[in-house]
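Examination of the molecular architecture
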Amino acid sequence: IRLRTDNRIREAVVSTQSTGHEEIKKRRAILREIEELSSHLEQAMVFDNKYTTHSALTLAQQWDQLNEFTRRMLHTVQDQIESQSRTGVDEDELKEFTLMFKHFDKDRSGRLDHSEFKACLRALGFDLPVPAEGEHDVTFEAILDFVDCDRDGFVRLEEYMQFMISRTTDNVAGTDELTEAFQSLTEGGDKSFITATELYSAMPSEQAKYCIDRMEKFPDVPGALDYSNFTKSIFQLNTSLASC
């Protein structure tokens, strides 16, 4: 049943990509016509158009934003399909995660601030303790280390989905297995450290960047990263959140 569902979803994504690509091409052609007309008007020293409040520049910017938003949403859906196949997270759970995110994303920006994210987690059943006045919220800070490592104040849909899937999956590799996996990526397959180049050559760029941003520097080896402590920190996070 799950295989048939996965195939239907993949077919829908492929169809959406194909249809969306053709539609975007059509709209882009119209935008080029507008840009050409705008250029002719400027050459004729006509800068005001009483028939519209838009300009070729603002329309081009909005088109770029829409195109980027569509690309990111399709990428997120594809990630969810791959994660579902890889981890066993079922379609209903993915739907619940997405709907809950949208519920707390009041301004439809595709991201949650930290207070919205915390409320979202509690709504999903996370037992987040309320720290005493003046104390750090250790549990929530540990979660933010995972989903908002750059501390820009927001959790995006992709980051949120990756976190929820990692918390839900029930076939996570053990610490030793993950450590061995990183070691196998190193030159010769026996190094105690790994480089950014090795990570980028073996992983999608987003996953490699995620690891690089969180790995400590390996002592006395320029450009080397400590994958062992990184692996331990992941499982320490899982342990600290196990009671949530």
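Everything below is about the structure shown above.
A few points on the structure. (Residues numbered from 1 in each chain as written. Predicted model: local features only at pLDDT ≥ 70, side-chain atom pairs only at ≥ 80, totals over all residues. Heavy atoms only, no water.)

**So, the nonpolar core**
Core analysis: the largest hydrophobic core is formed by 24 residues, its most contacted members being F117, L121, L124, V147, Y160, F163 and M164. Contributions of two or more residues to this core are made by α3 (91-104), α4 (114-123), α5 (138-147) and α6 (157-168). For this core, the leading source of residues is α6, giving six residues. The residues contacting L121, other than those within four sequence positions of it, are F126, L128, F140, I143, F163 and M164. Core analysis: the next-biggest nonpolar cluster, separate from the first, contains nine residues, I194, L199, Y227 and F230 among them. (Core = buried A, V, L, I, M, F, W, Y, C linked by side-chain atoms within 4.5 Å. Buried < 20%, exposed > 50% of the residue type's maximum accessible area, 1.4 Å probe, protein only. Helix = DSSP H or I, 4+ residues; strand = E, 2+ residues; numbered from the N terminus. Contact = heavy atoms within 4.5 Å.)

**Describing the pattern of salt bridges**
Side-chain pairing between opposite charges can occur once the charged atoms of the two side chains come close. One pass over the full model with this rule turns up five salt bridges. A salt bridge links R151 to D145; its shortest N-O distance comes to 3.2 Å. On the basis of relative accessible area, D145 is assigned to the partly exposed category, the value being 44%. Salt-bridge contacts for D152 lead to R156; the nearest nitrogen and oxygen are separated by 2.8 Å. Through salt bridges with shared partners, a single ionic network connects E141, D145 and R151. (Salt bridge = Lys/Arg side-chain N within 4 Å of Asp/Glu carboxyl O.)

**What to know about α4**
For α4, the complete set of buried residues consists of F117, K118, C120 and L121. Within α4, the buried residues cover an arc of 160° as seen down the axis, which keeps them to one side. One or two positions beyond α4, positive phi appears at G125, with a value near 105°. (Arc of directions from axis to C-beta.)

**Some details on α5**
Within α5, seven of the ten residues are buried, which leaves the element mostly enclosed by the surrounding structure. Those residues of α5 not exposed but buried are T139, F140, A142, I143, L144, F146 and V147.

**As for the environment of C211**
Looking at where C211 falls in the secondary structure, it is placed in helix α9 (residues 205-214). The class of C211 is buried, set by a relative accessible area of 7%. Counting along the chain gives 15 residues from C211 to A196, while the straight-line C-alpha distance between them is 8.9 Å. Other than its neighbours up to four places away in sequence, C211 contacts F182, L199, M203 and F230.

**Description of the sheet that holds strand β4 (residues 216-217)**
Sheet architecture is open: three strands sit in the order β3-β5-β4, paired in antiparallel fashion. Where the open sheet ends on each side, the last strands, each with one partner, are β3 (194-195) and β4. Judged from the two bridges that link them, β4 and strand β5 (residues 224-226) form a sheet pairing that is antiparallel. Across the sheet, the residue bridging to K217 is L225, located in β5. (Pairing = 2+ DSSP bridges.)

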